[in-house]
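Coordinate analysis (summary)
What follows is each chain in one-letter form.
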Amino acid sequence: MTDDTANTEAVSESRAEHLTISRTVDAPRERVWRAFTDPDEVRRWYGSDLMDVEIHALEAEPGGSFSITMRDDEGDYDIEGEFLEVTERERLVHTWYVGRVTVEFDEVGEGTEVVLTHEGLPDRETTKQHAEGWTAAIETLAATVRNDEGRER
C-alpha cells in the first residue's frame, strides 16, 4: 500500500476478558479471506514462527467445526471450535477452547483491514498470552499474503 496513514503493524487493545487486534494487510480482501478459510493457507501463518500447526478440520460454514493442534517446545495444544457465523469475505465468528473469536475484513484502498476480537477470556494472564499469540499470527499472516502477492501477478 502506498497510503502512509495505513496501519502497517498490528495494534492490540486488551482488557481482562477480551482483546482486539487490528492490522491493515497489504493484500486484497479475497486473498486475506482465503488465508483464514483454506486449511493449507491457515497452516502457513496461524502459529506464526512460535508454533507448528496441524489442521485436523476447518469447515468455514455456520455449524462447521475446526480442530487444530499447535506445538511448541513445551507441548501440544489441541484447540477445537465451531463456526457460529460466516459471511464470506466479511466476517467469521467461532468458538475457541476459551471464549469466542470474531474476525472482520474490510477493504481499505488496495488492502484489507483485519480486526480480530477474542472475547470471554477468563483472566488477565490468559488475555495477555492470547494477545501475544494473535498479534504474532496476524503479523505472520500479513507477511505471508504480502509475499504471495508478488508471485500471483
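Each remark here, short or long, concerns the structure printed above.
Note that this is a predicted model, so its numbers are computed, not measured. (Residues numbered from 1 in each chain as written. Predicted model: local features only at pLDDT ≥ 70, side-chain atom pairs only at ≥ 80, totals over all residues. Heavy atoms only, no water.)

Side note on the overall build of the protein chain
Rules: The numbering of helices and of strands both runs from the N terminus, where a helix is a DSSP run of H or I of at least 4 residues and a strand a run of E of at least 2. A simple rule labels every residue: compare its accessible area, found with a 1.4 Å probe on the protein chains alone, to the largest value its type can have, and call it buried under 20%, exposed over 50%, or partly exposed in between. Contact definition: two residues touch when any of their heavy atoms are within 4.5 Å. Accessible areas in this description were obtained via Shrake-Rupley with a 1.4 Å probe; residue shielding takes into account the shown protein chains only.
Across its full length, the protein chain carries three helices and eight strands. Reading the helices (α) and strands (β) of the protein chain from amino to carboxyl end gives β-β-α-α-β-β-β-β-β-β-α. Out of the 153 residues belonging to the protein chain, those deemed buried represent 44%. Counting only contacts in the protein chain whose residues sit at least 6 apart along the sequence, the fraction spanning at least 24 positions is 46%. Carbon together with sulfur atoms contributes 41% to the accessible area of the protein chain, which is approximately 8200 Å² in total.

Things to note about the pattern of salt bridges
Two side chains of opposite charge can pair, provided their charged atoms sit close to one another. To keep it simple, the criterion reads: Salt bridges are defined by distance alone: a side-chain nitrogen of Lys or Arg within 4 Å of a carboxyl oxygen of Asp or Glu.
For the structure shown, the criterion picks out 13 salt bridges. The salt bridge involving E54 is made with R71; its shortest N-O contact spans 3.0 Å. Taken together, the residues span a long stretch of sequence, with E54 in strand β3 (residues 52-58) and R71 in strand β4 (residues 65-72) at a distance of 17 residues. The salt bridge involving E119 is made with R100; its shortest N-O contact spans 3.2 Å. Here the residue E119 occupies a position in strand β8 (residues 111-119), and R100 occupies one in strand β7 (residues 100-108), the gap between them amounting to 19 residues. According to the relative accessible area criterion, R100 is partly exposed, its value standing at 36%.

A word on unusual backbone geometry
Positive phi values are uncommon outside glycine, yet S48 reaches one of about 50°. In this structure, S48 sits in the loop between α2 (39-45) and β3. At R89, a residue that is not glycine, the phi angle is positive and equals roughly 60°. By secondary structure assignment, the location of R89 is in the loop between β5 (75-87) and β6 (91-95).

So, the pairing of β8
Test applied: Pairing between two strands is assigned when DSSP locates at least 2 bridges connecting them.
Burial analysis of β8 places seven of its nine residues in the buried class, the great majority of the element. Of the pairings in the sheet, the one linking strand β2 (residues 18-25) to β8 comprises eight bridges and is antiparallel in character. When the bridges of β8 are listed, T24 appears paired with E113. Direction of pairing for β7 relative to β8: antiparallel, over a ladder of nine bridges. Among the inter-strand pairings, V101 is bridged to a residue of β8, identified as H118. Here β7 folds back onto β8 in antiparallel fashion, the turn holding two residues, of which G109 has a positive phi close to 60°.

Description of the nonpolar core
Keep this limit in mind: Here the nonpolar core consists of buried residues drawn from Ala, Val, Leu, Ile, Met, Phe, Trp, Tyr and Cys, with membership extended through side-chain atoms lying within 4.5 Å.
Ranked by size, the top nonpolar core spans 35 residues in total, and within it F36 and Y46 carry the most contacts. Among the elements that make up this core, the one with the highest residue count is helix α3 (residues 124-152) (seven residues). If sequence neighbours within four positions are ignored, F36 has contacts with V42, W45, L58, L92, V103, F105, V114, I138 and L141.

Here's the deal with the pairing of β6
Here four bridges tie β5 to β6, and the two strands are oriented antiparallel to one another. Looking at β6, one finds that E85 is bridged to V93. Between the antiparallel neighbours β5 and β6 lie three residues, among them R89 with a positive phi of about 60°. By the bridge criterion, five bridges tie β6 to β7 in an arrangement that is antiparallel. Within the sheet, the bridge partner assigned to V93 lies in β7 and is T102.

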